[in-house]
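A structural walkthrough
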Amino acid sequence: MDIKKTMENLEKNGFKPYFVETKEEVVPLVKTLINKGESVSNGGSVSLQETGVMELLKSGDYDFIDRSGLEGEELRNAYIRAFGCDTFFCSSNAVTENGELYNVDGNSNRVACIVYGPRQVIMVVGVNKIVSNINEAVKRVKEQAAPLNTKRLSCKTPCQVTGKCISLNKEDAMICDGCASPQRVCCNYVISAKQRHKDRIKVIIVNENLGF
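Below: a short report on this structure. The shown structure was predicted, so the numbers you read here are calculated from the model rather than taken from an experiment.

Regarding the sheet that holds strand β5 (residues 94-96)
Each strand in a sheet pairs with its neighbour through backbone hydrogen bonds, running either in the same direction (parallel) or in the opposite one (antiparallel). Read across the sheet, four strands follow the order β8-β5-β6-β9 without closing on themselves; strand pairing throughout is mixed. The open sheet terminates on both sides in strands that have one partner only, identified here as β8 (130-131) and β9 (188-192). Both β5 and strand β6 (residues 101-105) contribute to a ladder of two bridges, which runs antiparallel. Counted as the bridge partner of Val95 is Leu101 from β6. Strand contacts of helix α1 (residues 3-12): β5, β6 and β8, with the helix running at about 85° to β5, the strand carrying the most contacts. This element, helix α7 (residues 134-152), spans β5, β6, β8 and β9 of the sheet and lies at about 30° to β6.

Quick look at the structure:
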């Protein structure tokens, strides 16, 4: 894992990287990147919980678009509002040393906002999510991120039971191969290789293991 190389390549690809040593440094940094009163929202993320970012968003200092507990049309409206917010917070399933972001989603509101919509995206990423290349990123999701997230979300999928994607049993498994479960969490696969709107996506790399 080469953090310096990763950050240099993120910068070259139009992303804005930041580095902090500890999770306690994340919130003070985030406060410098957003203004009070601005609209903010988030994708599902253990990393945001572990670093205190979710507590910050709910502090009342921001127009927090909270989708938790909503259903039906209310939930849809929250997703649409989040798509146009000032800042969207999330993590990344993997960040490559080549400066690419790899994200896989089930509901896919998160990857939609990463790709387009919010004025800026702030990702909080532990060093455990840095991998050498896209192939390793794919492997990481199938072996770690997806199985652990299915347990967190109580999804009835094979990987929730076995701890790895069913596609890994195939010698010629492709990136999109997976189970047929209605609750499958791997539905849309997004590789962010270049950011045309320079620095729109900001990646805070934390020198600790965070999330899945």
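Let us keep going from here.
A closer look at the side chain of Ser92
Relative to the helices and strands, Ser92 resides in the loop between β4 (87-90) and β5. Taking the relative accessible area as the measure of exposure, Ser92 reaches 0% and is therefore buried. In terms of polar contacts, Ser92 uses its side chain to reach the backbone carbonyl oxygen of Ala94, at 2.9 Å. Not counting the four nearest positions on each side in its chain, Ser92 is found in contact with Leu101, Tyr102, Asn103, Arg110, Met123, Val125 and Lys129.

Here's the deal with the packing of aromatic side chains
Applying the stated criterion to the full structure yields one aromatic pair. Aromatic side chains Phe83 and Tyr116 sit 6.3 Å apart centroid to centroid with 50° between the ring planes, which places their arrangement in the tilted category. Placement of Phe83 in helix α5 (residues 72-83) and of Tyr116 in the loop between α6 (109-115) and β7 (120-126) is noted, with a sequence separation of 33 residues between them. A cation over a ring is seen here: Lys16 above Tyr18, with NZ or CZ 5.9 Å from the ring centre.

Basis of the calculations
Going along each chain's sequence as written, the residues are numbered from 1 onward. Selection of residues for local features in this predicted model requires a pLDDT of at least 70, selection of side-chain atom pairs for listing and counting requires 80 or more, and totals for whole chains, interfaces and linings are taken over all residues. Hydrogens and water are ignored here; the side-chain numbers use all heavy atoms of the structure. Two strands form a pair only when DSSP identifies at least two bridges running between them. We count a stretch as a helix when DSSP gives it H or I for four or more residues in a row; a strand needs E for two or more, and each element gets its number in order from the N terminus. By the convention used here, residues are in contact when the closest approach between their heavy atoms is within 4.5 Å. Note on method: axes are straight lines fitted to C-alpha atoms, helices fitted across the in-contact stretch only, with angles between N-to-C directions ranging 0 to 180 degrees. Buried residues are those whose accessible area, probed at 1.4 Å on protein chains only, stays under 20% of the maximum for their type, while exposed residues exceed 50% and partly exposed ones sit between those limits. Whenever two N or O atoms come within 3.5 Å, that pair is a polar contact, provided that in protein one can donate a hydrogen and the other can accept it, and provided that, for residues adjacent in sequence, both atoms are side-chain atoms. Aromatic rings from Phe, Tyr and Trp, with only the six-membered ring used for Trp, were paired whenever their centres fell within 6.5 Å, and each pair was classed as stacked if the ring planes differed by under 30 degrees, edge-to-face if by over 60, and tilted otherwise. Counted as over-ring charges are cases with an Arg CZ or a Lys NZ within 6 Å of the ring centre that also lie within 35 degrees of the ring normal.

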